[in-house]
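One letter stands for each residue in the lines below.
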Amino acid sequence: MHPLIEQERTYGAHNYEPLPVVLRRGEGVYVWDDSGKRYIDMMSAYSAVSHGHCHPQLVKALAEQAHTLAMVSRAFYTDKLGLFLQKICEMTGQEKALPMNTGAEAVETALKAARKWAYTVKNVLPDRAEVIVCEGNFHGRTITIVSMSSEPQYRAGFGPLTTGFKQIPYGNVEALDKAITPNTAAFLVEPIQGEAGIIVPPVGYLKKCAELCRKHNVLLICDEIQTGIGRTGRFLACEHEGVKPDGVLLGKALGGGLLPVSVFLSRKDVMDVFTPGDHGSTFGGNPLAATVGLAALEVLVKENLIVHAAEMGEYLIQHLRKIKSPLIDEVRGKGLLVGLSINPRYYSAREFCLRLMQEGVLSKETHDTVVRLAPPLIITKEQIDSVLAALARVLATAEVKL
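Keep in mind the model is a prediction, meaning the values are calculated, not measured.

Draft legend 1. Fine view of the overall build of the protein. Counting secondary structure elements, the protein contains 14 helices and 15 strands. For 402 residues, the compact-globule formula gives about 21 Å, and the C-alpha radius of gyration of the protein, at 21 Å, lands near that figure. For the protein, the C-alpha atoms occupy an extent of roughly 65 × 55 × 45 Å along the three principal directions. Across the 402 residues that make up the protein, the buried fraction comes to 53%. Taking all contacts inside the protein whose residues are at least 6 apart in sequence as the whole, residues at least 24 apart take part in 71%. In the form shown here, the protein has an accessible surface area of approximately 18,200 Å², with 53% of it arising from carbon and sulfur atoms. Averaged over its 43 positive side-chain charges, the protein has a centre that lies 2 Å from the centre of its 43 negative ones.

Written out as structure tokens, the structure is:
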């Protein structure tokens, strides 16, 4: 075993099962291991590195702000936070934003806002508010968030769990209609389910859900932590159906691959349920994070990464769907969020990822049967061609043994 891998496994909790590669450096779409071998990163840290590794403009913004003022807490105003909040509100069409750090913190913030809104605005009786979620969802790892998961492993051993959630099948509008009651505060949904295996719902699903939520005075909250910031070829994935949700969750790429930065955005009547002391975060909205978040948004626009993601995603998906192999069951996705479903009769997705790693391409399996292909949005056709060639070599080697 590599000594650095052994060291990490000895002193770290075994809550991940990384691929056996030790990365030391990154630039653009590439990362290098400690022996100097170069890989194309088709993972981009679950979409957190959408701008590419060590983007010069983002690193420059980070360094300059770190030398000026990095952290003071929200006990004081700063000259950076307002600029960031205005920009993110304008780009999402929302009225107010509450900055946090991790995606899970943004989700927790949205849940608190939805519940208090239900009690103070919708007049739901105390402690009766419900939030509807979907089977197969992934919104984070906190006790409350795993309480709404349908994945047994995420829940086992962590009870007692938080109540107040109702699960329905993903992509089923009728199920949402039946689940809504006068106590329903919100419907929390991913426009595309990421950890479930890059599951794209039927066309029109989100739009119909939005109509139902408006009809019943239920908040539609879209978790765009993985799908937002241009990942699917639109700034928000919900824009593909012209949907403007009542609340939006953003994170991952918002930190430019450098820092954890997240926000919950919503209407004034939702956000104004918070009063001083209701909610907070020592690090949330710090000057360093606000500076990097603003720079990440500016680079996204300046480099036209949203359109580029749409074009490169279409190119990648079209070429993947041309592949004829018994190992591949299905290609799913939108933009540069793509899932390659591997036939479990022949190979596990992890084995497939290990073979791709040998060919200089890094990805990671999800749910044992799907290989995630979600590179930095700056990827070029030539680099995609290199990935496709590596895939072809892996498939050719594997098919010989069938």
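Alright, that's what it looks like, and here's the rest.
Draft legend 2. Quick look at the nonpolar core. F84, F187 and F352 are the most contacted members of the largest nonpolar core, which totals 87 residues. Not counting chain neighbours up to four residues away, the residues in contact with F187 comprise I132, C134, I168, L176, Y205, C209, C213, V218, L219, L220 and I221.

Draft legend 3. Inspection of the pairing of strand β5 (residues 130–134) at higher detail. Counting buried residues along β5, 4 of its 5 residues qualify, which places the element largely inside the surrounding structure. Strand direction decides the pairing type here: β5 and strand β7 (residues 184–189), joined by 3 bridges, are parallel. Each residue of the ladder has a partner; that of V131, found in β7, is A186. In the sheet, β5 pairs with strand β6 (residues 165–168) via 4 bridges, with the strands oriented parallel. Note on β6: the bridge partner recorded for C134 is I168.

Draft legend 4. How the structure looks around the packing of aromatic side chains. Enumeration over the complete set of coordinates arrives at 3 aromatic pairs. Note on F138 and Y154: the rings are 5.8 Å apart at their centroids and 70° apart in plane angle, and the pair reads as edge-to-face. Of this pair, F138 sits in the loop between β5 and α6 (143–146) while Y154 sits in helix α7 (residues 152–155), and the two are 16 residues apart along the sequence. No difference in accessibility class separates F138 from Y154, as the two residues are buried. The ring of W32 has R25 lying over it, and the distance from NZ or CZ to the ring centre is 3.8 Å. Positioned above the aromatic ring of Y154 is the side chain of R141, whose terminal nitrogen or guanidinium carbon lies 4.5 Å from the ring centre.

Draft legend 5. A look at helix α12 (residues 305–321). For α12, built from 17 residues, the straight-helix expectation of 24 Å at 1.5 Å per residue is met to within 8% by its first-to-last C-alpha distance of 24 Å. All of the buried residues in α12 are L305, I306, A309, M312, G313, Y315, L316, I317 and L320.

Draft legend 6. Quick peek at the sheet that holds strand β1 (residues 23–27). Taken in spatial order, the 4 strands make up an open sheet running β1-β2-β3-β13, and their pairing is mixed. If you trace the sheet from one side to the other, it starts and ends with β1 and β13 (361–362), each paired once. With 4 bridges connecting them, β1 and strand β2 (residues 30–33) associate as antiparallel partners. Bridge pairing in β2 places G26 opposite V31.

Draft legend 7. Quick look at the pattern of salt bridges. A full pass over the atoms with the stated rule returns 14 salt bridges. One salt bridge connects D246 with R267, and the closest N-O pair in it is separated by 2.6 Å. With a gap of 21 residues between them, D246 in the loop between β8 (219–223) and β9 (247–250) and R267 in the loop between β10 (262–266) and α10 (268–271) connect regions that are remote in the sequence. The class for R267 is partly exposed, based on a relative accessible area of 25%. Through salt bridges with shared partners, a single ionic network connects D246, R267 and D269.

Draft legend 8. Here's a closer look at the side chain of E224. Take E224: it is sitting in the loop between β8 and β9. Filtering out sequence-adjacent residues up to four positions away, E224 remains in contact with P191, L236, A237, C238, V248, L249 and L250.

Draft legend 9. View of the sheet that holds strand β4 (residues 96–100). Spatial strand order, β4-β10-β9-β8-β7-β5-β6: 7 strands in an open sheet with mixed pairing. Every interior strand has two partners, whereas the edge strands, β4 and β6, have only one. Taken pair by pair, the neighbouring strands of this sheet meet at an average axis angle of 20°, ignoring direction. As judged from the 4 bridges shared by β9 and β10, these two strands associate in the antiparallel manner. By the bridge assignment, V248 is partnered in β10 with L265.

Draft legend 10. Quick peek at the pairing of β4. Burial within β4 is extensive, with 4 of its 5 residues counted as buried. In terms of strand pairing, β4 meets β10 through 5 bridges, oriented antiparallel. Looking at the pairing, K96 lines up with S266 of β10.

Draft legend 11. Main features of the packing of helix α3 (residues 56–66) against helix α11 (residues 287–302). Interaxial distance between α3 and α11 falls to 9 Å at its minimum, and their mutual angle equals 155°. With respect to α11, the element α3 is oriented roughly antiparallel. Remark: the crossing between α3 and α11 carries right-handed chirality. Residues Q57, L58, A61, L62, Q65 and A66 of α3 pack against P287, L288, T291, V292, A295, A296, V299 and K302 of α11.

Cut-offs used in this document
Residues numbered from 1 in each chain as written. Predicted model: local features only at pLDDT ≥ 70, side-chain atom pairs only at ≥ 80, totals over all residues. Heavy atoms only, no water. Helix = DSSP H or I, 4+ residues; strand = E, 2+ residues; numbered from the N terminus. Rg over C-alpha atoms; globule rule 2.2 N^0.38 Å. Buried < 20%, exposed > 50% of the residue type's maximum accessible area, 1.4 Å probe, protein only. Contact = heavy atoms within 4.5 Å. Areas by Shrake-Rupley, 256 points an atom, 1.4 Å probe, with all protein chains shown as cover. Lys, Arg positive; Asp, Glu negative; His and termini not counted. Charge placed at Lys NZ, Arg CZ, Asp CG, Glu CD. Core = buried A, V, L, I, M, F, W, Y, C linked by side-chain atoms within 4.5 Å. Pairing = 2+ DSSP bridges. Phe/Tyr/Trp six-rings, centres within 6.5 Å; stacked < 30°, edge-to-face > 60°. Lys NZ or Arg CZ within 6 Å of the ring centre and 35° of its normal. Expected span 1.5 Å × (residues − 1). Salt bridge = Lys/Arg side-chain N within 4 Å of Asp/Glu carboxyl O. Axes fitted to C-alpha atoms, helices over the stretch in contact; angles between N-to-C directions. Parallel < 35°, antiparallel > 145°, perpendicular 65-115°, else oblique. Left-handed = near helix turned anticlockwise from the far one by under 90°.

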